[in-house]
Amino acid sequence: FYPAGACAGNVTGHAGAIDDKERTDYRQRGYLPTEKIGKLNAERTFEDLLHGTNGKEVVFRDARGKPRSSPQVVEQAKPGHTLILTLALRLQRLADDLLEGQRGVILALDPRDGAVLAMAQRPSYDPTHPMRGSQFNMIYRAGSFAPGSTFKLVTASAGLMAGRSPDEAIVCDGAFMLGATRFPCNLRWGHDRETMCEALQHSCNVFFYTWAWRVGKQAMVNMAADYGFGQPTGFELAPPGQETGGHLANLDNDTIYPGSVVQMGIGQGQMISVSPLQLARAYCTLVNGGALFAPRIVRRVETSIGEPVDVPRYDRPHPQGRIPLTDRQRKEILAGLWRVVHEQGGTGSRAGFKD
């Protein structure tokens, strides 16, 4: 029974009958052919925790099968554990409502420990009626998603790490020229002189084309890797082998053209593709002080009567590294991102965020 329905279907998943391909494996694990198992998402990932153990009873019957004794329990059935997820249901419902009529993803993570607070997507599906809707999960599969201007976080970080000053002014006249190739700005007549903070506020492409070109491909790729791009996040709900790491250029094997480095500066081109989950945790890493966490969905595990169960692989944060920025450098970038949504001229100022 799934009271949240399609709102959280891509989190809960659903249970179903054991099919022919699964029968041998589950028989060896002690399952009866008539039992149900988790088929997708949390139901599947945490099957071993959620599924109870059958009990046994003995009853004597005559040759016709008629009982000749009362059943005697020789082994008590054991209920499965209870999982309390990190999901904030009110926030999940809000995210789902905001996606009405859209196709996309809304994610909210707790930067302090990687806990997933909301993870909504459209199209989704109702786990009560699993054949209706789409079970494909866009959240942890990178596909060919270009991060676009959200990737300017990485370019800004790479520039600061390379020793460039946040007060350095780049003249934007509407395009960055690499030989005879023109890379246009998002504002065709240009932004005039932009510092890093102003370039983040206005999402000036020319500034980030310039920084990416000046710091070079090695610095760009290294910083992207520090933020967790190019590798799976380790999210529990992703079935084994199904979470891709997206694409991050391999400088030893890939052919890298000069223009590709420029395009990477604004999150476009052949050098980078990401999943929504990778992108969300990259921003969490910036704001939490620099710690990269694996996203997590389990808050705690309890027995059926509410006693705590210690499950280290699920019920605690899992740090995966740190970005090499200083606190001052992080604050410089955060100041620019704050201006994106709070100051006039910021590309996200219409979002209506309040202090």
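Residues numbered from 1 in each chain as written. Predicted model: local features only at pLDDT ≥ 70, side-chain atom pairs only at ≥ 80, totals over all residues. Heavy atoms only, no water.

Q: Please set out the overall build of the chain residue by residue, giving values where relevant.
A: Scanning the chain from terminus to terminus reveals twelve helices and 17 strands. Projected onto the principal axes, the alpha-carbon positions of the chain cover approximately 95 × 45 × 40 Å. In the chain, buried positions account for 45% of the 355 residues. Residue pairs in contact within the chain that sit at least 24 positions apart in sequence constitute 65% of those at least 6 positions apart. Carbon and sulfur atoms provide 51% of the accessible area of the chain, an area that totals close to 18,700 Å². Taking the 40 positively charged and 36 negatively charged side chains of the chain as two groups, their mean positions are separated by 3 Å. (Helix = DSSP H or I, 4+ residues; strand = E, 2+ residues; numbered from the N terminus. Buried < 20%, exposed > 50% of the residue type's maximum accessible area, 1.4 Å probe, protein only. Contact = heavy atoms within 4.5 Å. Areas by Shrake-Rupley, 256 points an atom, 1.4 Å probe, with all protein chains shown as cover. Lys, Arg positive; Asp, Glu negative; His and termini not counted. Charge placed at Lys NZ, Arg CZ, Asp CG, Glu CD.)

Q: Now, about a nonpolar patch on the surface: what can you tell me, with residues and values included?
A: On the surface, Val58, Phe60 and Val74 cluster together into a nonpolar patch covering about 290 Å² of accessible area. Considering the arrangement of structural elements, one finds phenylalanine 60 in the loop between strand 3 (56-58) and strand 4 (72-75). (Patch = residues over 30% accessible without salt bridge, like charges linked within 9 Å, V, L, I, M, F, W, Y side chains within 5 Å. Salt bridge = Lys/Arg side-chain N within 4 Å of Asp/Glu carboxyl O.)

Q: Please set out helix 8 (residues 205-215) residue by residue, giving values where relevant.
A: The buried count for helix 8 comes to nine of eleven residues, which makes it a mostly enclosed element. Among all positions in helix 8, only Asn205, Val206, Phe207, Phe208, Tyr209, Thr210, Trp211, Ala212 and Val215 are buried. One or two positions beyond helix 8, positive phi appears at glycine 216, with a value near 90°.

Q: So what's going on with the nonpolar core? Which residues, and what values?
A: In this structure, Phe151, Met196, Phe207, Tyr227, Phe229, Met264 and Ile333 are the most contacted members of the largest nonpolar core, which totals 45 residues. If you list the elements that add at least two residues to this core, you get helix 6 (152-161), strand 8 (170-172), strand 9 (175-178), helix 7 (196-202), helix 8, helix 9 (217-226), helix 10 (258-264) and helix 11 (276-287). Residue contributions to this core peak at seven residues, all from helix 8. In this view, phenylalanine 229 contacts Phe151, Val154, Ala224, Gly245, Leu248, Ile272, Val274, Gln278, Leu279 and Ala282; residues no more than four positions away in its chain are not counted. (Core = buried A, V, L, I, M, F, W, Y, C linked by side-chain atoms within 4.5 Å.)

Q: Tell me about the pattern of salt bridges, and name the residues and values.
A: Two side chains carrying opposite charge are able to pair once their charged atoms lie near each other. Applying the stated criterion across every chain yields a total of 18 salt bridges. With its nearest N and O atoms 3.5 Å apart, the salt bridge here joins aspartate 25 to arginine 29. Arginine 29 sits in the partly exposed class, given a relative accessible area of 38%. Across the pair arginine 296 and aspartate 113 runs a salt bridge, and its minimum N-O distance is 3.0 Å. Of this pair, arginine 296 sits in the loop between strand 14 (291-293) and strand 15 (298-302) while aspartate 113 sits in the loop between strand 6 (104-109) and strand 7 (116-122); the two residues are 183 residues apart in sequence, bridging distant segments of the chain. For the pair arginine 296 and aspartate 113, one class covers both residues: buried. One salt-bridge network, in which partners are shared between bridges, spans Asp19, Glu22 and Lys39.

Q: If you had to explain the packing of helix 11 against helix 12 (residues 327-342) to someone new, which residues and values would you point to?
A: Contact geometry of helix 11 with helix 12 gives a least axis separation of 9 Å together with a crossing angle of 120°. In terms of orientation, helix 11 lies oblique with respect to helix 12. Of the residues in helix 12, those in contact with Tyr283, Leu286 and Val287 of helix 11 are Arg330, Ile333, Leu334 and Leu337. For the contact of helix 11 with helix 12, a count of residues per class yields six nonpolar, no polar and one charged. (Axes fitted to C-alpha atoms, helices over the stretch in contact; angles between N-to-C directions. Parallel < 35°, antiparallel > 145°, perpendicular 65-115°, else oblique. Nonpolar A, V, L, I, M, F, W, Y, C, P; charged D, E, K, R; others polar.)

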